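# Architecture at a glance
Next come the chains, spelled out residue by residue.
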Amino acid sequence: MRLGVLDVGSNTVHLLVVDARRGGHPTPAYSEKSVLRLAEAVNSSGKLSDKGANALLDAVTSAKDASRRLRVDHLLAFATSAIREARNGEKVLERVRKETGVGLSVLSGEDEARLTFLAVRRWFGWSAGRLLCLDIGGGSLEIAVGVDESPELALSVPLGAGRLTREQFSDDPPKRKQIVELRDYVDGELDPVAESVSQAGDIDRAVATSKTFRTLARLSGAAPSAAGPRVRRTLTIDGLRQIIEFISRIPATDLAEIEGVSAGRAHQLLAGAVVAEATMRRLDLAAVEICPWALREGVILQRLDWLDSGIQDPSLPEVVADQEPVNA
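This structure is a prediction, so every number in the text was calculated from the model and none was measured.

Counting its regular elements, the protein chain contains 11 helices and 11 strands. In summary, the protein chain has a C-alpha radius of gyration of 19 Å against a globular reference of 20 Å for 328 residues, a match within 12%. Taken over 328 residues, the protein chain has a buried fraction of 53%. Put simply, the protein chain shows about 14300 Å² of open surface, and 46% of that area lies on carbon and sulfur atoms. The positive charge centre, built from 41 side chains, and the negative charge centre, built from 46, are 4 Å apart in the protein chain.

Caution is warranted with low-pLDDT regions, since their predicted coordinates should not be read in detail. The share of residues in the protein chain with pLDDT of 70 or more is 94%, and the mean pLDDT across the chain is 92. Note on residues 313–318: pLDDT under 50 across the span, and 15 contacts to partners over four residues away in sequence or across chains.

Glancing now at the nonpolar core. Grouped together as the largest cluster of nonpolar side chains are 50 residues, with contacts concentrated most on L132, F213 and V288. For this core, the leading source of residues is helix α10 (residues 269–282), giving nine residues. Among residues more than four places away in sequence, those in contact with V288 are L134, A206, V207, A208, F213, R233, T234, L235 and M280. In terms of nonpolar packing, the next biggest core, distinct from the first, is built from 29 residues, A41, L93, V96 and L104 among them.

Residue placement: T279 occurs in helix α10. Linking T279 and L141, residues 138 residues apart in sequence, is a C-alpha distance of 9.5 Å.

This brings us to the sheet that holds strand β5 (residues 105–106). In spatial order, the strands read β3-β2-β1-β4-β5; together these five strands make up an open sheet with mixed pairing. Pairing within the sheet leaves two strands with one partner each, and these edge strands are β3 (27–35) and β5. Taken together, the six bridges between strand β1 (residues 2–8) and strand β4 (residues 74–79) define a ladder with parallel strand orientation. If you follow V8 over to β4, its bridge partner there is A79. Sitting on the sheet, helix α1 (residues 50–69) touches β1, β2 (12–19), β3 and β4, and the angle it makes with β3 is about 160 degrees.

Applying the stated criterion across every chain yields a total of zero disulfides. Free cysteine C133: the closest other cysteine sulfur is in C291, separated by 7.2 Å. We classify C291 as buried; its relative accessible area is 1%.

All told, the structure shown has one aromatic pair when counted by the stated rule. With centroids separated by 5.2 Å and ring planes inclined at 65 degrees, the aromatic side chains of W123 and W293 adopt a geometry described as edge-to-face. Of this pair, W123 sits in helix α4 (residues 109–124) while W293 sits in the loop between β11 (287–290) and α11 (295–309); the two residues are 170 residues apart in sequence, bridging distant segments of the chain.

Before going further, it helps to examine unusual backbone geometry. With an omega of 0 degrees, the peptide bond between D172 and P173 qualifies as cis. Inspection of the secondary structure assignment puts P173 in the loop between α5 (161–168) and α6 (176–199). A positive phi angle is found at R71, which is not glycine, with a value near 55 degrees. Position of R71 among the secondary structure elements: in the loop between α1 and β4. Classification of R71 as exposed rests on a relative accessible area of 54%. Positive phi is not limited to glycine here, since S210 has a value of about 95 degrees. Inspection of the secondary structure assignment puts S210 in the loop between β9 (205–209) and α7 (211–219).

Let's shift gears to the packing of α6 against α10. Two elements in contact, α6 and α10, have axes whose closest approach is 9 Å; the angle formed by their N-to-C orientations is 40 degrees. Between α6 and α10, the angle falls in the class oblique. The hand of the α6/α10 crossing is right-handed. For the pair α6 and α10, contact is made by I179, L182, R183, V186, D187, L190, D191 and A194 and by L270, A271, V274, V275, E277, A278, T279, R281 and R282, respectively.

Inspection of every chain in the model, using the stated rule, returns 26 salt bridges. Its salt-bridge partner being R296, residue D7 comes within 2.8 Å of it at the nearest N-O pair. With D7 in strand β1 and R296 in helix α11, this residue pair connects regions lying 289 residues apart in the sequence. Between E99 and R95 there is a salt bridge; the shortest N-O distance is 3.0 Å. Of the two residues, E99 and R95 are both situated in helix α3 (residues 89–100); the distance of four residues between them amounts to about one turn of the helix. Residue classification places R95 among the partly exposed positions, given a relative accessible area of 31%. Within this structure, D187, D191, D238, R241, E277, R281 and R282 form a network of salt bridges that share partners.

Rules used throughout
- Residues numbered from 1 in each chain as written.
- Predicted model: local features only at pLDDT ≥ 70, side-chain atom pairs only at ≥ 80, totals over all residues.
- Heavy atoms only, no water.
- Helix = DSSP H or I, 4+ residues; strand = E, 2+ residues; numbered from the N terminus.
- Rg over C-alpha atoms; globule rule 2.2 N^0.38 Å.
- Buried < 20%, exposed > 50% of the residue type's maximum accessible area, 1.4 Å probe, protein only.
- Areas by Shrake-Rupley, 256 points an atom, 1.4 Å probe, with all protein chains shown as cover.
- Lys, Arg positive; Asp, Glu negative; His and termini not counted.
- Charge placed at Lys NZ, Arg CZ, Asp CG, Glu CD.
- pLDDT = per-residue confidence, 0-100.
- Contact = heavy atoms within 4.5 Å.
- Core = buried A, V, L, I, M, F, W, Y, C linked by side-chain atoms within 4.5 Å.
- Pairing = 2+ DSSP bridges.
- Axes fitted to C-alpha atoms, helices over the stretch in contact; angles between N-to-C directions.
- Disulfide = S-S within 2.5 Å.
- Phe/Tyr/Trp six-rings, centres within 6.5 Å; stacked < 30°, edge-to-face > 60°.
- Parallel < 35°, antiparallel > 145°, perpendicular 65-115°, else oblique.
- Left-handed = near helix turned anticlockwise from the far one by under 90°.
- Salt bridge = Lys/Arg side-chain N within 4 Å of Asp/Glu carboxyl O.

So, in structure tokens, the structure goes:
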């Protein structure tokens, strides 16, 4: 079976196509990504701009065409925080559906956390014990904790790297005062999170996913992506603090020239690093291990489970529906 996952995130629209079979490893066959930064295309009235909506329409059209060309059997399409929180999100999604035929399911932040946790659990297995999973997106931070495949605790906090860059930084690079104010703001938002996680029990393994964490790990000396997904990569809080001191003095255009830093995300890396440091500090984590699987893989794994068993797991509500067959 060939599955396509269309992820409309706060930073990118990403189509991932995998060849999947019962009991088999989901094998990537194709990947297509458009950097739209939808979280930064939300105007002062809380609406996604016309420019952002048009760019989204073009990206979905391209992904639909690629899905047909690649003979995808099932297309699972979803949107996350940028669309979820835009005041005109439903109107934009209706336009996308009418003009492309692709209906995007809108995931809640908690569903993002649950599905990402499922992917992390499958990657590390049962021997990992009680897992803590962190994911920094463009619009939100997701945190999940548990010993099973469905987490006991799944939280979403509006601490995305793109959102905070837009709301908190007015200079490039930001002035020291802006960084201090951002750190204080993030700490305040994390107060209830830290309390909830502490009540969830001792953590056996702390794991981080997302482009932000992968980039920060790379800057701290972790292996490049060319080394393959199975190479162990970690990020320590001491290394992270050194990175913050370094990148806080560098304009985004110069930061984008550094190996491992994406040009499309360079301007928001500092805000993401501040969130990562505050989260690790507040949760008393000396280090996190980087997992190559995240939300998209969680969606795929959930769908394969249901197709295999024919039974929906009530602990993981279905949040992404199949489109009409795209290769008809």
